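An overview of the molecular structure
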Amino acid sequence: MHVLVLGAGLSGVTTAWYLSQAGFRVSLVDRQAEAACETSFANGGQISISHPEPWANPSAPGLILRWLGRDEAPLKFRPSGDPAQWRWGARFLFECLPARARRNTAAIAALAVWSGMQLRALRTQLGLEYDQLERGILHLFHDRAEFARASARAEALRAFGIEARPCSRDQCLALEPALSPHAHRLAGGLFAPGDESGDARRFTRALATEVSRTGAALHWSKEVTALHANPDGSIGGVDVRDTAGRTARLEADAYVLCLGSYGPRLLAPLGLSLPIYPVKGYSVTIPIVKPEHAPKVSLTDESRRIVCSRLGQHLRVAGTAELNGFDTRIRPERVAPILAWASTHFPEALDLAGAESWAGLRPATPGNLPLIGRSARQKLWLNTGHGTLGWTLACGSAAALAQLMQGRVPPVAFPFLRTG
Ligand SMILES: Cc1cc2nc3c(=O)[nH]c(=O)nc-3n(C[C@H](O)[C@H](O)[C@H](O)COP(=O)(O)OP(=O)(O)OC[C@H]3O[C@@H](n4cnc5c(N)ncnc54)[C@H](O)[C@@H]3O)c2cc1C
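Residues numbered from 1 in each chain as written. Predicted model: local features only at pLDDT ≥ 70, side-chain atom pairs only at ≥ 80, totals over all residues. Heavy atoms only, no water.

1. Considering the domain arrangement of the chain
Accessible area lost upon the coming together of the parts is a frequently used measure of interface size. By domain assignment, the chain separates into domain 1 (2-40 + 202-275 + 368-405) and domain 2 (47-96 + 132-197 + 277-364). Measuring from the centre of the C-alpha atoms in domain 1 to the corresponding centre in domain 2 gives 29 Å. Between domain 1 and domain 2, the residue contacts involve 15 residues of the former and 16 residues of the latter. Between domain 1 and domain 2 lies a buried interface of about 1,400 Å² when both sides are counted; carbon and sulfur atoms form 64% of it. Applying the counting criterion to the domain 1 and domain 2 interface returns 0 salt bridges. Seen at the junction of domain 1 and domain 2, the total is 4 residue pairs in polar contact (both at pLDDT 80 or more). Among the residues making up the side of domain 1 that touches domain 2, the classes are represented as 4 nonpolar, 9 polar and 2 charged. (Domains from an automatic or database assignment. Contact = heavy atoms within 4.5 Å. Buried area = accessible area lost by both parts, 1.4 Å probe. Salt bridge = Lys/Arg side-chain N within 4 Å of Asp/Glu carboxyl O. Polar contact = N/O pair within 3.5 Å; in protein donor to acceptor, adjacent residues only side chain to side chain. Nonpolar A, V, L, I, M, F, W, Y, C, P; charged D, E, K, R; others polar.)

2. A word on the sheet that holds strand β10 (residues 222-229)
The sheet built from 3 strands is open, its strands ordered β10-β11-β12 with antiparallel pairing. Across the chains shown, the open sheet's two edge strands, defined by having one partner strand only, are β10 and β12 (247-250). Averaged over all adjacent pairs, the angle separating strand axes in this sheet is 30°, with direction ignored. Bridge count between strand β11 (residues 235-242) and β12: 4 bridges; the pairing is antiparallel. Following the sheet pairing, V238 is matched in β12 by L250. (Pairing = 2+ DSSP bridges. Helix = DSSP H or I, 4+ residues; strand = E, 2+ residues; numbered from the N terminus. Axes fitted to C-alpha atoms, helices over the stretch in contact; angles between N-to-C directions.)

3. Quick look at the side chain of Q118
For Q118, the location among the structural elements is in helix α4 (residues 98-126). Residue classification places Q118 among the buried residues on the basis of a relative accessible area of 17%. If sequence neighbours within four positions are ignored, Q118 has contacts with Y18, C395, G396 and A399. (Buried < 20%, exposed > 50% of the residue type's maximum accessible area, 1.4 Å probe, protein only.)

4. Some details on helix α2 (residues 60-67)
Listed as buried for α2 are A60, L63, I64 and W67. The buried residues of α2 all sit within an arc of 100° when viewed along its axis, so they share a single face. Facing away from the buried side of α2 by over 90 degrees, the exposed positions are L65 and R66. The inward-facing, buried residues of α2 contact β4 (75-77) and α3 (83-95). (Arc of directions from axis to C-beta.)

5. A few points about the environment of S397
Turning to its location among the elements, S397 is positioned in helix α11 (residues 394-405). Under the relative-accessibility criterion, S397 is labelled buried at 1%. Spatially, the C-alpha atoms of S397 and S343 are 36 Å apart, while their sequence positions differ by 54 residues. A polar atom in the side chain of S397 sits 3.0 Å from the side chain of H386.

6. Examining the packing of aromatic side chains
Scanning all chains against the criterion turns up 9 aromatic pairs. An angle of 50° between the planes, with centres 5.0 Å apart, marks the rings of F414 and F416 as tilted. Ring pairing ties together the aromatic residues W88, F92 and Y277, which thus form one cluster. Its end group placed over the ring of Y262, R31 keeps NZ or CZ at 4.3 Å from the ring centre. (Phe/Tyr/Trp six-rings, centres within 6.5 Å; stacked < 30°, edge-to-face > 60°. Lys NZ or Arg CZ within 6 Å of the ring centre and 35° of its normal.)

7. Considering the site of the ligand
In the neighbourhood of the ligand, 35 residues make up the surrounding shell, with D30, S40, V224, G387 and T392 lying closest. A distance of 2.8 Å separates a nitrogen atom of the ligand from a polar backbone atom of V224. Within the contact set of the ligand, an oxygen atom lies 3.5 Å away from a backbone nitrogen or oxygen of L389. Within the complex, 98% of the 1,000 Å² of free accessible area of the ligand lies under protein. Listed by contribution, the elements that provide at least two residues to the shell around the ligand are α1 (10-21), β10, β14 (277-287) and β18 (356-364). When its residues are assigned to classes, the shell around the ligand shows 12 nonpolar, 17 polar and 6 charged. (Near = heavy atom within 4 Å. Areas by Shrake-Rupley, 256 points an atom, 1.4 Å probe, with all protein chains shown as cover.)

8. Description of the pattern of salt bridges
Scanning the model with the defined rule gives 18 salt bridges in all. With its nearest N and O atoms 3.8 Å apart, the salt bridge here joins E196 to R120. Taken together, the residues E196 in strand β8 (residues 196-197) and R120 in helix α4 connect sequence positions 76 residues apart. Given a relative accessible area of 3%, E196 falls into the buried group. Residue R120 is classed as partly exposed on the basis of its relative accessible area of 33%. Linking E348 and K290 is a salt bridge whose minimum nitrogen-to-oxygen distance equals 3.9 Å.

Here you go:
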């Protein structure tokens, strides 16, 4: 069976790989000249199995209200006239209900644990190199009240099979000595030793090379302009246009949609509505000039919603979430708090003048649960909507989709799509 995967970010390339391993003949199409040019280009680098809680949780509405109108707010809603934005916002509020947040957290945790296993197996199988570090993630708390909840959080994570332990300030410093200039501001931490970090772009591109070695056809620089429906409603082909304006139709026995935030636009003409909206985030990648002062353990600042990962001779610092449509322009006032965070935490380590800023659009569902499985249209499958955790969940989601397409049931307690 021939499967055409639409999109070559983390989701699309991992999907192509696991499908090829499951015996499918695979093709891949993307509008960019190579893999991982959009949201998978410069994310926070974290394999954050220890962070299954979605943004949509009971405390979110209060925080968003508190941060309204503040340019440096970690979570920012810029209201527009776009009905899709308001629909998504209303669903987000629904997902903040305690029962929904508990259900979503459990599902994400199950998929994240399985995804971690798939990633480690893949790394062993292929020997991929992508500046990976298996040193865990240390969650930092600057607020005593937040740190006071760390024990309960560790217990909740353990119930999902995720190891995590609260750490005093001294224990945080023992784990990551580079934090010492900032230690007096820390209330404590929560350490998840099973987490990892690494460069998602390098990973995706290395895996795309492996996909091409399987004999898959990779169609670069081809924009998907429409999905063509057969008279019986099934998908019969994908219309593409290359950079010279030439058009063609690519046909396969099945199609998998992995187009990030742009998927809903292509499905709308078919009468399919996906609850995915772009949530913009920023990162800066800063050269390290004094390696002994730069962290090796990946960090999550829980109070500021900022993450950082060591990627070889660079530090990647990422954060902020903004509901602002498809605008990927870099706003200096949104980058400034991320740079300030880096310079106050690691004042000696970094060449801030050499920092490169980037913005990307997380393809987010309101509850942060990706859409994985059969769509309502025959021959069309989905593996998309991974929001804040697309790197963490990539291998597990793709492996699960390959099993679903083989007619198998993945061994993960996750609400895979079964419609159609
Ligand atoms: C600031 C920031 C920090 C993050 N940090 C982390 C982190 O630390 N850990 C984590 O797990 N996740 C993180 N994420 C989330 C993660 O990066 C995303 O969930 C993931 O990259 C999404 O991958 P994707 O393949 O779905 O989308 P994309 O990477 O955007 O891939 C979609 C692909 O589809 C292609 N495409 C789109 N439209 C068309 C079209 N019409 N025709 C042809 N091709 C098309 C694009 O070119 C692109 O290659 C972060 C995200 C951001 C923005």
